[in-house]
Structures are given as C-alpha cells and as structure tokens.
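Secondary and tertiary structure notes
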Amino acid sequence: MSIPQNLNNIKSQLPEHVTLVAVSKTKPVSDLMEAYNAGQRIFGENKIQEMVDKHEQMPNDVQWHMIGHVQRNKVKYMAEFVSLIHGVDSFKLLKEINKQAKKHDRVINCLLQIKIASEDSKFGMTTEEARDILTSEAFKELKNIKVVGLMGMATFTDDDTQLQKEFRLLKTVFDEFKIQNSEFKIISIGMSSDYKLAIDCGSTMVRIGSSIFGVRNYN
Ligand SMILES: *Cc1c(COP(=O)(O)O)cnc(C)c1O
C-alpha cells in the first residue's frame, strides 16, 4: 500500500484523543512529503541532525518531535523549532533544553522518559528520579520548558502480557504525577506493532514508523 493509504488506514483506527506521530527516521523527504500532502503534520525523528536537515526542506507548519535519545551538546541545533522532545531522561538535559529555549525566547514542551522495559539497553529514568525532578525547587525555576507528560519504550517482545504490564506501569505513574502537575496531558507509548494495545492501556500519543513508511533497513 502507498504512504497515504497506510496513513489513512491507521488514522481511521485511532480514537479522537490519540495523536499520531509519523516516525520518518531514515526516510527521504519525498516520503515525508507524501505523508504531508495526505494531511500529516507531526513527524518524529530520532537523530537531531537528520531532523534539522528535514526541517529545512519541509514546509513551515510541520511539527517536529524528537523521539530519540538526546545528547546535551546537540540541543542547540533544534531549540529554535522543535515542538516536543519525548526522551528527556535527566535533569541536566532539562536544564540544557531550558537554556537553549531561552535564547530563542521559547518554551519547549518535553516528556520525561520513564524506563518501563525490563531490558537494560533502554534509556529512561526511574519513577523516583522523575518524581524528585518534578517536586524540586530547581525544576520550578526552569521557565522555558514545560513537562507535559511521559514517554515510554516497551521491551522488544510480542508477549502482550509483558507489554501490557509495562504500558500500565506508565499510565499509573502518569496518573500519580498528574495530580500535582496540571500540565500533564500526554502519554507517549505505542509503535507499529503494539499501538492498539498501548491505546487500550492509556496512550494518548502513538509513534508509528514502519506501518506508514514501510520497513527500514537500519535503525
Ligand atoms: C523508530 C521508533 C518508533 C517507530 O517504530 P516502528 O516500529 O517503525 O513503528 C517509535 N518510537 C521510537 C522511540 C523509535 O525510535
């Protein structure tokens, strides 16, 4: 099927409260433009340089989401235009995003990435680390970032019971944090293979790549 067909197919299955991030990493701008012309405006990339390059070539009303691991020294390249950073996994990174956002007189929306997978390789912080950040005085001083929710990467498995356990964990943590943080509204979980399950478990934002753009050769 074509990119517009894939996109429409997925969109027709998403409840209204769920936002679709079209994950376009490794794909050429011509593919992104096919999705754009079919109405898609939110694109997710996992490498800052690649996102910067595509941002320069794509129309201005695209909303760019950084979904990958963020190195602090590269935040400055995306600070001017990024619309949501999903993978914030330390206070140091939050501080750097705040600093770079300030230079552009912006407030950058961020999600804290919570480690929900049982695998060691995944980035993210523990619930305790996130709670400590959100309740700290230092956090309250960061006026140029806004934490609007949580992001999670589930274990790479097709065991639905395991996935459900991890997704539900994130939803539970979200519900706890939301009590003190009125700006919390996004739960970013679910990819091509598991987004329906993720939505059942509370996802409000799914990150879908291969089911829209086809399989990737790398990444
Ligand atoms: C690549 C990627 C996705 C999309 O994966 P698909 O299986 O192609 O849908 C989602 N989230 C993150 C963080 C990714 O790196």
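Let me begin by describing the structure that accompanies this report. (Residues numbered from 1 in each chain as written. Predicted model: local features only at pLDDT ≥ 70, side-chain atom pairs only at ≥ 80, totals over all residues. Heavy atoms only, no water.)

1. Points about the packing of aromatic side chains
Ring pairs (aromatic) are described by centroid distance and by the angle formed between their planes. As enumerated under the stated definition, the model contains three aromatic pairs in all. Relative to Trp64, the ring of Phe43 has its centre 6.0 Å away and its plane inclined at 35°; by these criteria the two rings are tilted. Here Phe43 is found in strand S2 (residues 42–45), whereas its partner Trp64 is found in strand S3 (residues 63–66), with 21 residues between them in sequence. With respect to class, Phe43 is no different from Trp64; both count as buried. Here a set of aromatic residues connected by ring pairs shows up, and it is made of Phe174, Phe177 and Phe184. The side chain of Arg41 reaches across the aromatic face of Tyr36, ending 3.6 Å from its centre. (Phe/Tyr/Trp six-rings, centres within 6.5 Å; stacked < 30°, edge-to-face > 60°. Helix = DSSP H or I, 4+ residues; strand = E, 2+ residues; numbered from the N terminus. Buried < 20%, exposed > 50% of the residue type's maximum accessible area, 1.4 Å probe, protein only. Lys NZ or Arg CZ within 6 Å of the ring centre and 35° of its normal.)

2. Describing the site of the ligand
Around the ligand sit Val23, Lys25, Ile67, Met151, Met153, Met191, Ser192, Arg207, Ile208, Gly209, Ser210 and Arg216, and that is every residue in its neighbourhood. In this structure, Ser210 approaches the ligand through a main-chain N or O atom, which is 2.8 Å from an oxygen atom. Computed on the free molecule, the ligand has an accessible area of 390 Å², of which 90% lies beneath the protein chains in the complex. For the shell around the ligand, the class distribution of residues is six nonpolar, three polar and three charged. (Near = heavy atom within 4 Å. Polar contact = N/O pair within 3.5 Å; in protein donor to acceptor, adjacent residues only side chain to side chain. Areas by Shrake-Rupley, 256 points an atom, 1.4 Å probe, with all protein chains shown as cover. Nonpolar A, V, L, I, M, F, W, Y, C, P; charged D, E, K, R; others polar.)

3. Focus on the pattern of salt bridges
For the structure shown, the criterion picks out six salt bridges. Two residues, Glu45 and Lys54, come together in a salt bridge whose shortest N-O distance is 2.8 Å. In this structure, Glu45 and Lys54 share a single accessibility class: buried. Of the charged contacts in the structure, one is a salt bridge between Glu176 and Arg131, with a shortest N-O distance of 2.9 Å. Residue Glu176 is located in helix H8 (residues 160–180), and its partner Arg131 is located in helix H6 (residues 127–135); the two are separated by 45 residues in the primary sequence. What makes Glu176 partly exposed here is its relative accessible area of 34%. Using a relative accessible area of 31% as the deciding quantity, one classes Arg131 as partly exposed. Among the charged side chains, a salt-bridge network with shared partners connects Glu45, Glu50 and Lys54. (Salt bridge = Lys/Arg side-chain N within 4 Å of Asp/Glu carboxyl O.)

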